[in-house]
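Structure assessment
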Amino acid sequence: MTNQDIAMILRNAAAAYTIIDEKKHLFQIVAYQKAYDSLIHLPIEVEDALSEGQKIPGIGPSIESHIKDLIKTGRSKHFDSILKHVPASVFPLLDVTTIGPKKAYKLVTALKLKDPETVIDDLIKACQGNKIATIATFGAKSQEDILRALEEYKLGKTKLNRMALPYAFELAKKVEEYLKKGPDVIKVFPLGSLRRMRDTVGDIDFAIATNTPEKVIDYFVKYPGIERVIEKGPTSSSMLVSGGRQVDLLVQDENSFGALLQHFTGSKYHNVALREYALKKGYSLSEKGAKLLKERGQPMKAFRTEEEFYKFLGMDWVPPEMRENRGEVEAALKHNLPKLIELKDVKGDLHIHSSFPIEPSHDMGNDSMEDMLKRAAELGYEYLGFSEHNPSTSNHTKSQVYSILARRKDKIEQIRKSIKNVHVINLLEVDILPYGDLAIDDKAFEYIDAAIVSIHSVFKTPKKEMTTRVLNGLSHPKARIFAHPSGRLINQREGYELDYDRIFEYCIKNNKAIEINAWPTRLDLTDQLVFEARKLGVKFVINTDAHATFQMDNMFYGVSVARRGWCEPKDILNTLPYEEFYKWLTS
DNA sequence: GCCGTTTTCGGCCCGACTGTTTTCAGTCG
């Protein structure tokens, strides 16, 4: 049973309780939803976490015992007894936007839809047959809305569908440019998971400071790429834009804009933690500001900036990337938040594919070493590491591999003489083969300073063997960096399975680094695992894996992953000056 | 059912928008 499977059972149990008796089960519902969220974001398998006695947020003794039943037997008496009160056809509808547990239940019971496999299509037919409008509390308009939601669901717009961060960035940029030109727009900020730099983003959220909200919202829904208005009120609005993506807008005056920024940046659980803390201090927080609870009629305390908002609570300002309720609230109260790494701290990029004709095992870079170095200088780097893929071993004899690498070494020596403003490091991205051998032999290693090692084949290897494979690959003295460790491609490919605890332990013990790969659809290692690894003391290198000069600008995505993992400069080896970094690399 | 920020017992965020209602329920973020 996967984390996802178990999470869905928790979500369904919460929905079932909502249907059965929401008031009676209010706090179990919240608890199950929290546990669901926690499992969805858990970077390792829940089975492993529990068997090692790891604490998972939102999972206490009761839920833990039910999960253990599920893992052991595939069933849980407890969840079965909750779920049996509700037709199974309710649950698929929960992924459809605008449909929650209550509506789903009303619909499937009123229409006698029993089959979870066909419930979506059955409901579409019911809408087309005008069967919804006659159900109590439904009407013609809600029938129309449900039909549209179902059709959009069929096209891929579900509650779970999220886009990779870089696509969200591109879309947000377009909308932001439009919004900035709006009437009476004082400030525009993209917020939500985009501002927190999550690897995937659901909706694109914006906040605008203005003194004429109606005008701004009218302007918002005239966006040229709009498909339809989802909702439109006096202070907020949502629209669907082409491509089926949702853009949300909140609007507020400048004087209380700080609270709005804070609110709309989230995350939900960060905000809940803040508000629960404030309640104990006697204040109720919202996007409007802070209200003193005991003195009714008192004006709302407004905040112009986020800094003022946090300061009011006795907290330091929390960088958006940290707002996931992973302990940042406590740290901000104690004034000991980490001083997170920033883009300007990065002094070099070590994973660069140039167009040097290395006749590689995989793809080649587009631009010359000289061009890549020119860009490195513009970015203010002290050093750049070339890490082309190793020469293909199926198309070359060993001696051909040596001679290619010898030519490459000569080329690098030559460049080192002519280009003095950036230090050049002679690396190579070497495949870890299915049984853990590296793709090139010891003699070939003599032509390079050190190697990045990574997996590019046979992804479906069982966890234990995959872990051994990686550790074998890393055991070579010149193998110093484990690149894109999970192999995942966002929305395209799940990563392979690894025993990360063993990998992290090995890296710490043997002075190896884990790469944070900044390739926009990789963002690998993932931020949750960076968070765990950093706590243990793992060191990282942030690399772009650039195959062209412009891709070297992706470094900020990698820095964001590191920031979400609470990394400070000391955790990231390529913040070291050249001499120190090179010393580590070749030690 | 979870959790520890005045708490191991007694709390549990807050508000906007829509549709079908004549005062509210449901969904969302």
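Scroll up a little and you will see the structure.
A brief structural summary. Treat the numbers as computed from the prediction; the structure is a model and nothing was measured.

Rules behind the numbers
Residues numbered from 1 in each chain as written. Chains lettered and ligands numbered in written order. Predicted model: local features only at pLDDT ≥ 70, side-chain atom pairs only at ≥ 80, totals over all residues. Heavy atoms only, no water. Core = buried A, V, L, I, M, F, W, Y, C linked by side-chain atoms within 4.5 Å. Buried < 20%, exposed > 50% of the residue type's maximum accessible area, 1.4 Å probe, protein only. Helix = DSSP H or I, 4+ residues; strand = E, 2+ residues; numbered from the N terminus. Contact = heavy atoms within 4.5 Å. Near = heavy atom within 4 Å. Polar contact = N/O pair within 3.5 Å; in protein donor to acceptor, adjacent residues only side chain to side chain. Pairing = 2+ DSSP bridges. Right-handed = clockwise from strand over helix to strand, strands pointing away. Axes fitted to C-alpha atoms, helices over the stretch in contact; angles between N-to-C directions. Phe/Tyr/Trp six-rings, centres within 6.5 Å; stacked < 30°, edge-to-face > 60°. Lys NZ or Arg CZ within 6 Å of the ring centre and 35° of its normal. Arc of directions from axis to C-beta.

1. Topic: the nonpolar core
Ranked by size, the top nonpolar core spans 148 residues in total, and within it Leu123, Leu384 and Phe540 carry the most contacts. In terms of residue count, the dominant contributor to this core is helix α1 (residues 3-21) (11 residues). Ignoring sequence-local partners within four residues, the contact set of Leu384 consists of Asp349, Ile352, Met372, Leu373, Ala376, Val422, His423, Val424, Ile425 and Met552.

2. Looking at the protein's contact with DNA strand B
The full set close to DNA strand B counts 54 residues, and Gly100, Arg275, Tyr277, Lys280 and Lys288 are the nearest of them. Put simply, 75% of the atoms of DNA strand B that lie within 4 Å of the protein are in sugar or phosphate. A distance of 2.7 Å separates a phosphate oxygen of DNA strand B from a polar backbone atom of Gly139. Within the side chain of Lys159, one N or O atom sits 3.3 Å away from a phosphate oxygen of DNA strand B.

3. Observations regarding the pairing of strand β11 (residues 383-386)
The alternating pattern of β11 places Tyr383 and Gly385 on one face and Leu384 and Phe386 on the opposite face, and all of these are buried. Bridge count for strand β10 (residues 348-352) against β11 is 3 bridges, and the pairing is parallel. Among the inter-strand pairings, Gly348 is bridged to a residue of β11, identified as Tyr383. Taken together, β10, helix α17 (residues 369-378) and β11 constitute a β-α-β crossover, and its handedness is right-handed. The pairing of β11 with strand β12 (residues 423-426) spans 4 bridges and is parallel.

4. Structural notes on the sheet that holds strand β14 (residues 451-454)
Strands sit in the order β13-β14-β15-β16-β17 across an open sheet of 5 strands; the sheet is parallel. Looking at which strands have only one partner, the edges of the open sheet turn out to be β13 (429-431) and β17 (539-543). Within this sheet the neighbouring strands show an average axis-to-axis angle of 40 degrees, counted without direction. In the sheet, strand β16 (residues 513-517) pairs with β17 via 5 bridges, with the strands oriented parallel. Bridge pairing in β17 places Ile516 opposite Ile542.

5. Let's talk about the environment of Gly380
Within the fold, Gly380 resides in the loop between α17 and β11. Note on Gly380: relative accessible area 51%, which makes it exposed. Sequence separation between Gly380 and Glu22 is 358 residues, and the spatial gap between their C-alpha atoms is 58 Å.

6. A look at the sheet that holds β12
As a general point, the strands of a sheet are linked pairwise by backbone hydrogen bonds and lie either parallel or antiparallel. An order of β10-β11-β12 is seen for the 3 strands of this open sheet, with the pairing classed as parallel. This sheet does not close on itself; its edge strands, each paired only once, are β10 and β12. The sheet shows a mean angle of 20 degrees between the axes of neighbouring strands, direction not considered. Of the strands in this sheet, β11 and β12 touch helix α18 (residues 398-418), which is tilted by about 170 degrees from β12.

7. Describing the packing of aromatic side chains
Summed over all chains, the structure comprises 20 aromatic pairs. We note Arg480 situated over the ring of Trp584; from NZ or CZ to the ring centre the distance is 4.6 Å. Lying across the ring of Phe531, Arg534 places its NZ or CZ 5.2 Å from the centre.

8. Details of α17
Met369, Met372, Leu373 and Ala376 are the residues of α17 that are buried. Seen end-on, α17 carries its buried residues on one side only, within an arc spanning 100 degrees. Residue Gly380 follows α17 closely and has a positive phi angle near 80 degrees.

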